[in-house]
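In case you want the letters, here they are:
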Amino acid sequence: MESTIQQVWTVFEGGLAALLATAVLTPLVIRAAHTFGWVDRPSDDRWHERPTALMGGIALFGGISVGLLWSAPGAAVLPFWGGAALLFAMGLVDDLWHVPPSGKLTVQGAAAGLLLYSGYAFGPAWPVWVSTPLTLLWVVGMTNSINLLDNMDGLAAGIAGIAATAFGVLAVGGGALTAGVLAATVAGAAVGFLGFNAKPARIFMGDCGSLALGFLLAGLGLAVQAEMPAGDPVAVALVPLAVLAVPILDTTLVTVMRRVAERSVAQGGNDHASHRLVLLGLSERRAVWMLYGLGLLSGAGALLVLVADPALFYAVAGLGGVGLGVLGIHLARARVYDEEAPALPRTALARRPFRALHRLVGPHWKAIVGLLGDALIVGAAFVGAHVLRHGGSLPGAVEGFVLGALPLVIAAKAVVFYAGGLYRRLWRHAGTPELLRTVATTSAASALVAVLLMGLYGAAAVPAAALVIDWMITTGGVAAARFGFRGLRQYLMSCRPGVRRVLIYGADDTGLLALRTLRHDRERPAEPVGFVDDDPLTEGQTVQGLRVLGARADLPRLCRAHDIDELLIATDAHVPERRRVLAEACRKAGVDCRAFTVSYASVSPEEETGPEPSPSAAPVGVSKNGTLTNGTPTNGVSTSDTSKDGESPKGPPPSGP
């Protein structure tokens, strides 16, 4: 017990020393940077808006060195510190002058060689001819991943601090003192630097900081693998991937999308995950915090390897992989390359990654991608259900049954999913019918699996509780993977600055159509707040996730309480008296009033046709003489707007979904 406490104190001591040293050194480096002109000025390919000091890596590397010297972990840490020193020096030269890509790769390979020479390898239990190239790929890849992730204030330092903390917990839990001290010093230095690097950043770490930090995180992954207690070798190998899932996602996304856009992978740009989140609606700060949250979740998932059966770790890793895939596909739809033809429709640009998949695997790309994702979900659900049913671990006999039945379970459910039409739908527009179809299809698949397993293995070998848990996880996972596209889009659109807060009058079918239109309108993004309906039976009910907040008489109170910008009349819009009353109520409340209209127009082959009319919102007002006014032309499509003070806005006209 005393020895364990001493080890924990040594780890904590190293982290605290690194944090304090970095916090002291960083202001000194900021002052020196401004003195010597080490300043990064704003430009088109940069995200910051004011001149910012460079060379923060000097403070980072200095803080890490102080932490290691203070805690004195021994000679075992020298390969890590030596490799980081090589990359720090090379990055410093690159920041001041320039180092060609071939020179960077050479130094990175030499740093990886130090770890290999010292006995650290990716997959230490695997054959040398497998582990050696994987080690080189891992070290070089992760070193550059953190360098690429350093694209927004506080992002790389924060993710590095989270990942190093997770590695530290894994190391201490496995009794690995060297890795624990190294992780604590990296985490401490990252947190100390973050105080000056968070938005608005006073200093950037530069290549001398990001490359050294990336190398140390890659080395921590190898050290944790080498010093953890013997266990499932595949689970041990997956741990670093789980901890560093965010930089891996970012690097993969950038690499794939630059190739799809026919750009050089080495070319810089604002096309990283953080930039895409901002372009899709989040603020810079919220985008960084969202990626922090993903880093925390992936790190927490990696910690399962210490306390749970490896089978449960595999199940969680599979579900997490599907979730990251959904996020990556949604981020890939963001339009980030400004030089692409502006005349090209936005929908065509957004679909470029999907068209690339179509070219790669043919017309059945959606089914293939969906099958791969569903295979992970189904496998994770089946394994996880039996682990949970047996109290967190799989007995030997049960493990043999699960592994033997798993291919049959995946194949049977895939056939039912395909027959049920789960691969023939546009899930970004998914609604209640798709949800019902998903539940019905997964239920039928689970019933078929139950019959097959009981017929092959006997009813006694297939616990009913495990089948129920399997159905619940499968249904939730399949639905989440599909509805995740819609949920992400709606959430990101609602976060856009200047978004309108809208109340919808009418909780009937037309109101639902209006809600759907609002949620898909990219030109005039809106945040639907709730419904207003005069039917007393609807009050307090929830429709498509929005509550019926009150009746027409409650409009002034609701507009004040929910900071409403606009009322959208979606029912009885053709009744002039009703519209007049609502328009007057909106005028008194100081909010816009618009009528949701749907129209059909005849088209003759002789006339020159334009865009097809779509559902739209037409402005509604009350003139000075008390007559009802609206800006809806004869085809029902609005071409004007009405602002709160009655003036015409300067923005584009509203458009349909």
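Residues numbered from 1 in each chain as written. Predicted model: local features only at pLDDT ≥ 70, side-chain atom pairs only at ≥ 80, totals over all residues. Heavy atoms only, no water.

Considering the pattern of salt bridges
Here's step 1: Here the structure, examined in full by the defined rule, presents 14 salt bridges.
Here's step 2: Note that aspartate 207 is salt-bridged to lysine 104, the shortest N-O span being 3.8 Å. A residue pair is termed long-range when its members are at least 10 positions apart, and aspartate 207 in helix α8 (residues 206-227) and lysine 104 in helix α4 (residues 101-117) qualify at 103 residues.
Here's step 3: Between glutamate 566 and arginine 594 there is a salt bridge; the shortest N-O distance is 3.9 Å. In this pair, glutamate 566 is assigned in strand β7 (residues 566-569) and arginine 594 in strand β8 (residues 592-597), connecting sequence segments 28 residues apart. Pair check on accessibility: glutamate 566 and arginine 594 agree, each one buried.
Here's step 4: Within the structure, one salt-bridge network assembled from shared partners comprises Asp94, Lys104 and Asp207. (Salt bridge = Lys/Arg side-chain N within 4 Å of Asp/Glu carboxyl O. Helix = DSSP H or I, 4+ residues; strand = E, 2+ residues; numbered from the N terminus. Buried < 20%, exposed > 50% of the residue type's maximum accessible area, 1.4 Å probe, protein only.)

Some remarks on the pairing of strand β6 (residues 546-550)
Here's step 1: Among the five residues of β6, four are classified as buried, and the element is accordingly described as predominantly covered.
Here's step 2: When strand β4 (residues 526-532) meets β6, the two strands line up parallel, connected through two bridges. Across the sheet, residue valine 532 finds its bridge partner in β6, namely glycine 550.
Here's step 3: Joining the antiparallel neighbours strand β5 (residues 542-543) and β6 is a turn of two residues, in which glutamine 544 adopts a positive phi near 50°. (Pairing = 2+ DSSP bridges.)

Some thoughts on a nonpolar patch on the surface
Here's step 1: A cluster of nonpolar side chains, namely Leu435, Val439, Val468, Trp471 and Met472, defines an oily patch on the protein surface of about 410 Å² accessible area.
Here's step 2: Going through the elements one at a time, α18 (432-457) and α19 (464-494) are the ones with two or more residues in the nonpolar patch.
Here's step 3: Counting residues per element, the nonpolar patch draws most heavily on α19, which supplies three residues. (Patch = residues over 30% accessible without salt bridge, like charges linked within 9 Å, V, L, I, M, F, W, Y side chains within 5 Å. Areas by Shrake-Rupley, 256 points an atom, 1.4 Å probe, with all protein chains shown as cover.)

Describing the side chain of histidine 330
Here's step 1: Summarising the element assignment, histidine 330 is placed in helix α13 (residues 310-332).
Here's step 2: Residue classification places histidine 330 among the buried residues on the basis of a relative accessible area of 6%.
Here's step 3: Other than its neighbours up to four places away in sequence, histidine 330 contacts Leu280, Phe485, Leu488, Arg489 and Leu492. (Contact = heavy atoms within 4.5 Å.)

Notes on the packing of helix α2 (residues 56-71) against α8
Angle between the axes and distance between the axes are the two parameters that describe a pair of packed helices.
Here's step 1: The N-to-C vectors of α2 and α8 enclose an angle of 35°; their axes lie 7 Å apart at closest approach. The hand of the α2/α8 crossing is left-handed. Here α2 contributes Gly57, Ile58, Leu60 and Ile64 to the contact with α8, which in turn contributes Cys208, Gly209, Leu213 and Leu216.
Here's step 2: For the contact of α2 with α8, the class distribution of residues is six nonpolar, two polar and no charged. (Axes fitted to C-alpha atoms, helices over the stretch in contact; angles between N-to-C directions. Left-handed = near helix turned anticlockwise from the far one by under 90°. Nonpolar A, V, L, I, M, F, W, Y, C, P; charged D, E, K, R; others polar.)

Re the packing of α18 against α19
Here's step 1: Remark: α18 packs on α19, axes separated minimally by 10 Å, with the N-to-C direction vectors making an angle of 145°. Between α18 and α19 lies a crossing of right-handed hand. Judged by residue contacts, Glu434, Leu435, Thr438, Val439, Thr442, Ser443, Ser446, Ala450 and Met454 of α18 engage Leu467, Asp470, Trp471, Thr474, Thr475, Val478, Ala479 and Phe483 from α19.
Here's step 2: A class-by-class count of the residues in the contact of α18 with α19 yields nine nonpolar, six polar and two charged.

Concerning α8
Here's step 1: Its 22 residues give α8 an end-to-end C-alpha distance of 31 Å, which sits within 8% of 32 Å, the value for a rise of 1.5 Å per residue.
Here's step 2: Of all 22 residues in α8, 20 are buried, a share of seventy percent or more. (Expected span 1.5 Å × (residues − 1).)

Here we look at helix α9 (residues 233-243)
Here's step 1: Buried within α9 we find Ala235, Val236, Ala237, Val239, Pro240, Ala242 and Val243.
Here's step 2: Buried residues belonging to α9 abut α5 (128-149), α6 (155-173), α8, α10 (245-260), α12 (284-307) and α13.

Here we look at the nonpolar core
Here's step 1: In terms of nonpolar packing, the biggest core is built from 76 residues, with Leu217 and Val243 touching the most fellow members.
Here's step 2: Not counting chain neighbours up to four residues away, the residues in contact with leucine 217 comprise Ile146, Ala160, Ala163, Ala164, Phe167, Val186 and Leu244.
Here's step 3: Among the nonpolar cores identified, the runner-up in size contains 60 residues, and Leu253, Met257, Ala405 and Phe417 belong to it. (Core = buried A, V, L, I, M, F, W, Y, C linked by side-chain atoms within 4.5 Å.)

Points about the environment of cysteine 593
Here's step 1: Within the secondary structure, cysteine 593 sits in strand β8.
Here's step 2: On the basis of relative accessibility, which here comes to 3%, the residue cysteine 593 falls in the buried class.
Here's step 3: Each C-alpha atom of the pair cysteine 593 and leucine 503 lies 9.7 Å from the other, and the pair is 90 residues apart in sequence.

With respect to the confidence of the model for the protein chain
Here's step 1: Averaged over all residues, the pLDDT of the protein chain equals 83, while 84% of them reach at least 70.
Here's step 2: Element-level mean pLDDT values for the protein chain span from 44 in helix α14 (residues 346-350) up to 95 in helix α3 (residues 78-96).
Here's step 3: Considering only residues more than four positions removed or in separate chains, one finds that residues 339-350, a stretch of pLDDT under 50, has 11 contacts.
Here's step 4: This stretch, residues 622-657, has a pLDDT under 50; its non-local contacts, to residues over four places away or in other chains, come to 72 contacts. (pLDDT = per-residue confidence, 0-100.)

Describing the side chain of aspartate 153
Here's step 1: For aspartate 153, the location among the structural elements is in the loop between α5 and α6.
Here's step 2: Salt bridges are absent for the buried aspartate 153, whose nearest opposite-charge side chain, lysine 199, sits at 4.7 Å.
Here's step 3: At 3.1 Å, the side chain of aspartate 153 and the backbone nitrogen of alanine 201 are in polar contact.
Here's step 4: If we skip the residues at most four places from it in the chain, aspartate 153 touches Asn197, Ala198, Lys199, Pro200, Ala201, Phe204 and Val288. (Lys, Arg positive; Asp, Glu negative; His and termini not counted. Polar contact = N/O pair within 3.5 Å; in protein donor to acceptor, adjacent residues only side chain to side chain.)

Comments concerning the pairing of β4
Two faces belong to every sheet, and in a regular strand the side chains alternate between them.
Here's step 1: Along β4, six of the seven residues are buried, which leaves the element largely enclosed by surrounding structure.
Here's step 2: Where strand β3 (residues 500-505) and β4 come together, six bridges link them in parallel fashion. From the neighbouring strand, arginine 501 faces β4, where its bridge partner is glutamate 527.

Section: the packing of aromatic side chains
Here's step 1: Under the counting rule described, the total for this entry stands at 12 aromatic pairs.
Here's step 2: Both rings, one in phenylalanine 61 and one in phenylalanine 88, keep their centres 4.7 Å apart while their planes meet at 10°; by these two values the pair is stacked. With phenylalanine 61 in helix α2 and phenylalanine 88 in helix α3, this pair connects stretches of sequence that are 27 residues apart.
Here's step 3: Under the relative-accessibility criterion, phenylalanine 88 is labelled buried at 14%.
Here's step 4: Each member of the aromatic cluster is reached from another via a ring pair, and the members are Phe61, Trp81 and Phe88. (Phe/Tyr/Trp six-rings, centres within 6.5 Å; stacked < 30°, edge-to-face > 60°.)

Considering the environment of leucine 452
Here's step 1: With respect to the secondary-structure elements, leucine 452 resides in helix α18.
Here's step 2: Taking the C-alpha atoms as reference points, leucine 452 and alanine 412, separated by 40 residues in sequence, lie 8.9 Å from one another.
Here's step 3: The contacts of leucine 452, once residues within four sequence positions are left out, are Leu408 and Ala412.

Re unusual backbone geometry
Here's step 1: Note that the residue after lysine 199, namely proline 200, is joined by a cis bond; omega there is -5°.
Here's step 2: Along the chain, the position of proline 200 falls in the loop between α7 (177-197) and α8.
Here's step 3: Phi at methionine 55 takes a positive value of approximately 70°, unusual for a residue other than glycine.
Here's step 4: At aspartate 563, a position not held by glycine, the phi torsion is positive, near 50°.

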